[in-house]
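Residue strings, one per chain:
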Protein chains: 2
Amino acid sequence: MPVVPQNLLNLNSEETKKLFNSFQTILVDCDGVLWYDDQQIPLTSETVNALLEQGKDVYFVTNNSTKTRHELWLKARAMNFSINESNIISPTYSVASYLKAHLLEGKAYVIGGEALAKELTAMDIEFFGPGPDFIERSLADTVEMVDKETSEGNIQAVIVGFDEHFSYKKMLRACNFLHNNETCIFLATNDNAVVKYPHRSIPDTGALVAAVETCVERKALIMGKPNRAVADKLINEGLISPEKTLMIGDCVKTDVVFGKHCGFSTLLVGTGRYQWKHVEKFLEMKLFQYVPDFYIPSLGDFKQYL
Amino acid sequence: MPVVPQNLLNLNSEETKKLFNSFQTILVDCDGVLWYDDQQIPLTSETVNALLEQGKDVYFVTNNSTKTRHELWLKARAMNFSINESNIISPTYSVASYLKAHLLEGKAYVIGGEALAKELTAMDIEFFGPGPDFIERSLADTVEMVDKETSEGNIQAVIVGFDEHFSYKKMLRACNFLHNNETCIFLATNDNAVVKYPHRSIPDTGALVAAVETCVERKALIMGKPNRAVADKLINEGLISPEKTLMIGDCVKTDVVFGKHCGFSTLLVGTGRYQWKHVEKFLEMKLFQYVPDFYIPSLGDFKQYL
């Protein structure tokens, strides 16, 4: 369905205010929208706090699986965002919550880092896996060991999150646990493929998920954007109404597509990889799923209208 | 295009002989057709040697990247197959040959094992990569190191083969080398996803390729079946005529599809994962790309007709 995106730079102050008043809930992505690593993007906390003061419901919705929800909250507080911890939606927390509800017996095998481990521990979920884990003797010995673990370990879930210690041995484990047990839960925190810095490329969780999905011949349930499962609970419990909700993000494949999956309006900010010229390009190429309803160079540019 | 497969069990001896006489070239897959690991499948060497004595051109075409072509030949000789080394087509050898022709300067980065390293060494190709390679200090330090390597290393090719030491650090290297250099050659030995033994699942090269392809946002050139590139040289040099060639294999996705890509006739043997009942199933599901022209329970069953 064709979309006509609006560049908010072309609206006057009254029109922009009116537009904002039409939303009750604002979902905001974090990396590239509120901050870059440890550097806050100018005026973003002032904007978010003004929205909160106006009585809007604001949620931070990130795909970052290297921090727990609590750590994200501490970071946000340190940057003066007046957000509540329970209004932060992070995939490590979502995975732990899902397992709390669905892993009725047995253990989870975790490809992932410290943050995922902390969230699972906090919810008393039995798991193993994080940390370095490589083939030290022969492949044959390792296969033997994994075989024993598979038959005796009662492993009922396999989770994939960002893991700098990802290895063939971890793939071997996941592969056998999942092939051996058709009802084994298979979750991933997110499927972002790569993080691109100006001169560097960091493989992201999606690349690890692709490896595991290929050898296990199954698809993981993705607990991150753009999967609408991320917002299902809020929608189902009536906490947010899609038609009164705006999703703000810097990534079209993750944030804009997520907003569309959920029936939200979408606003692209130009502080990430995409600017207005890309929006025009997507329109031209008829890639309507990437075309947001609105565009603004930076979230901080809002402050003047609030 | 619908195919009517013939179960050779339903043909008489004369009909089968006549059928065989219509082919000049016979391509045979190895694992699951000639042998399982170190165990030969009964009567397969007698069958192959009888074909050679009748003047047929026989090629062994494997996707196995854990052995060099020479090692495969030694194994075949030890099992009494009278095949020439030059009639064995293996992906480690194909990758090395491709690089010999196309890597005009710089080094190759290799995710892969000893066999790939030996083939490259034998052809005097400069490379690095095989063996254990994990993040020992922090991710940030490793990123720094890979960044330096990327800008100073003159890396002009990235190869992915089977590697039990596959790791996040290897993905990080491949990702940066390929993103940094648009003309960097990107090859994979094969894309088989998983090897299934009765009770075990071994992730295969295809799962490693999927991980690297996802984070580099490029597709590798696959030097194994079912890519017709495997046979292009033989066809282009007039060494084989597709219409007089039979491809024999045990795997529909690899061997049967490969045969169809090349315009060969195809024969499925029942010594792998697929038997006649599966052929009937594929027909029913209209998965014609998986339906061979002919079926026989084992390659050894041929011997009686030769």
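All values reported here derive from a predicted model rather than from experimental measurement. (Residues numbered from 1 in each chain as written. Chains lettered and ligands numbered in written order. Predicted model: local features only at pLDDT ≥ 70, side-chain atom pairs only at ≥ 80, totals over all residues. Heavy atoms only, no water.)

## Digging into the pairing of strand 10 (residues 185-188) of chain B
Residue and element names in this part refer to chain B.
Phase 1 of the analysis: Burial of the side chains of strand 10 extends over both faces: Ile185 and Leu187 are buried on one face and Phe186 and Ala188 on the other.
Phase 2 of the analysis: Judged from the four bridges that link them, strand 9 (residues 155-160) and strand 10 form a sheet pairing that is parallel. In the strand pairing of strand 10, Val158 is matched with Phe186.
Phase 3 of the analysis: Following the backbone out of strand 9, through helix 7 (residues 168-180) and into the adjacent parallel strand 10, one traces a crossover that is right-handed.
Phase 4 of the analysis: Here two bridges tie strand 10 to strand 13 (residues 221-222), and the two strands are oriented parallel to one another. Following the sheet pairing, Leu187 is matched in strand 13 by Leu221. (Buried < 20%, exposed > 50% of the residue type's maximum accessible area, 1.4 Å probe, protein only. Helix = DSSP H or I, 4+ residues; strand = E, 2+ residues; numbered from the N terminus. Pairing = 2+ DSSP bridges. Right-handed = clockwise from strand over helix to strand, strands pointing away.)

## Some thoughts on the interface of chain A and chain B
Interfaces are often sized by the amount of accessible area the parts lose when they come together.
Phase 1 of the analysis: Residue-level contacts link 35 residues of chain A with 35 residues of chain B.
Phase 2 of the analysis: Summed over both partners, the interface of chain A with chain B buries about 3,100 Å², with 62% contributed by carbon and sulfur atoms.
Phase 3 of the analysis: Per-residue buried area on chain A facing chain B is highest for Glu164, Tyr168 and Arg200 of chain A; these three make up 21% of the total on that side.
Phase 4 of the analysis: Across the chain A-chain B interface, the total number found is six salt bridges.
Phase 5 of the analysis: Residues Arg200 of chain A and Asp147 of chain B are paired through a salt bridge, measuring 3.0 Å at the closest nitrogen-oxygen approach. (Contact = heavy atoms within 4.5 Å. Buried area = accessible area lost by both parts, 1.4 Å probe. Salt bridge = Lys/Arg side-chain N within 4 Å of Asp/Glu carboxyl O.)

## What to know about the domain arrangement of chain A
Residue and element names in this part refer to chain A.
Phase 1 of the analysis: Segmentation of chain A into domains returns domain 1 (6-63 + 226-305) and domain 2 (92-222).
Phase 2 of the analysis: Relative to domain 2, the C-alpha centre of domain 1 lies at a distance of 31 Å.
Phase 3 of the analysis: For the pairing of domain 1 and domain 2, the buried interface totals around 540 Å² over both sides, and the portion due to carbon and sulfur atoms is 35%.
Phase 4 of the analysis: Looking only at domain 1, the three residues that lose the most surface to domain 2 are Asn63, Asn227 and Arg273, adding up to 67% of its buried area.
Phase 5 of the analysis: There are zero salt bridges connecting domain 1 and domain 2.
Phase 6 of the analysis: Viewed at the interface, domain 2 and domain 1 are joined by two residue pairs in polar contact (both at pLDDT 80 or more).
Phase 7 of the analysis: Looking at the side of domain 1 that touches domain 2 residue by residue, the class counts come to one nonpolar, three polar and two charged. (Domains from an automatic or database assignment. Polar contact = N/O pair within 3.5 Å; in protein donor to acceptor, adjacent residues only side chain to side chain. Nonpolar A, V, L, I, M, F, W, Y, C, P; charged D, E, K, R; others polar.)

## So, the sheet that holds strand 14 (residues 245-249) of chain B
Residues and elements named next belong to chain B.
Phase 1 of the analysis: Taken together, the seven strands give an open sheet; going across it, the order is 1-16-15-14-2-5-6, and neighbouring strands pair in parallel fashion. The open sheet has two edge strands with one neighbour each: strand 1 (6-7) and strand 6 (88-89).
Phase 2 of the analysis: Across three bridges, strand 15 (residues 265-269) lies against strand 16 (residues 294-296) in parallel orientation. Looking across to strand 16, one finds that Leu268 is bridged to Tyr295.

## Side note on the pairing of strand 7 (residues 107-111) of chain B
All names here are of chain B.
Phase 1 of the analysis: With four of its five residues buried, strand 7 lies for the most part within the structure.
Phase 2 of the analysis: Of the strand pairs in this sheet, strand 7 and strand 9 are connected by five bridges, and their pairing is parallel. Bridging from a neighbouring strand, Val110 pairs with Ile159 of strand 9.
Phase 3 of the analysis: Judged from the two bridges that link them, strand 7 and strand 8 (residues 127-128) form a sheet pairing that is parallel. Across the sheet, Ala108 pairs through a bridge with Phe127, a residue of strand 8.
Phase 4 of the analysis: With helix 5 (residues 114-122) bridging strand 7 and its parallel neighbour strand 8, the resulting β-α-β unit is right-handed.

## Some points on the UniProt feature "active site" (unreviewed entry) in chain A
Residues and elements named next belong to chain A.
Phase 1 of the analysis: UniProt tags Asp29 and Asp31 as "active site" (unreviewed entry).
Phase 2 of the analysis: Secondary-structure assignment places Asp29 in the loop between strand 2 (25-28) and strand 3 (35-36).
Phase 3 of the analysis: For Asp29, a relative accessible area of 6% gives the class buried.
Phase 4 of the analysis: The contact partners of Asp29, leaving out residues within four places of it in the chain, are Leu34, Val61, Thr62, Lys225, Met247, Ile248, Gly249, Asp250 and Asp255.
Phase 5 of the analysis: As for its placement among the helices and strands, Asp31 is situated in the loop between strand 2 and strand 3. (UniProt positions renumbered as here; feature names shortened; annotations may be inferred.)

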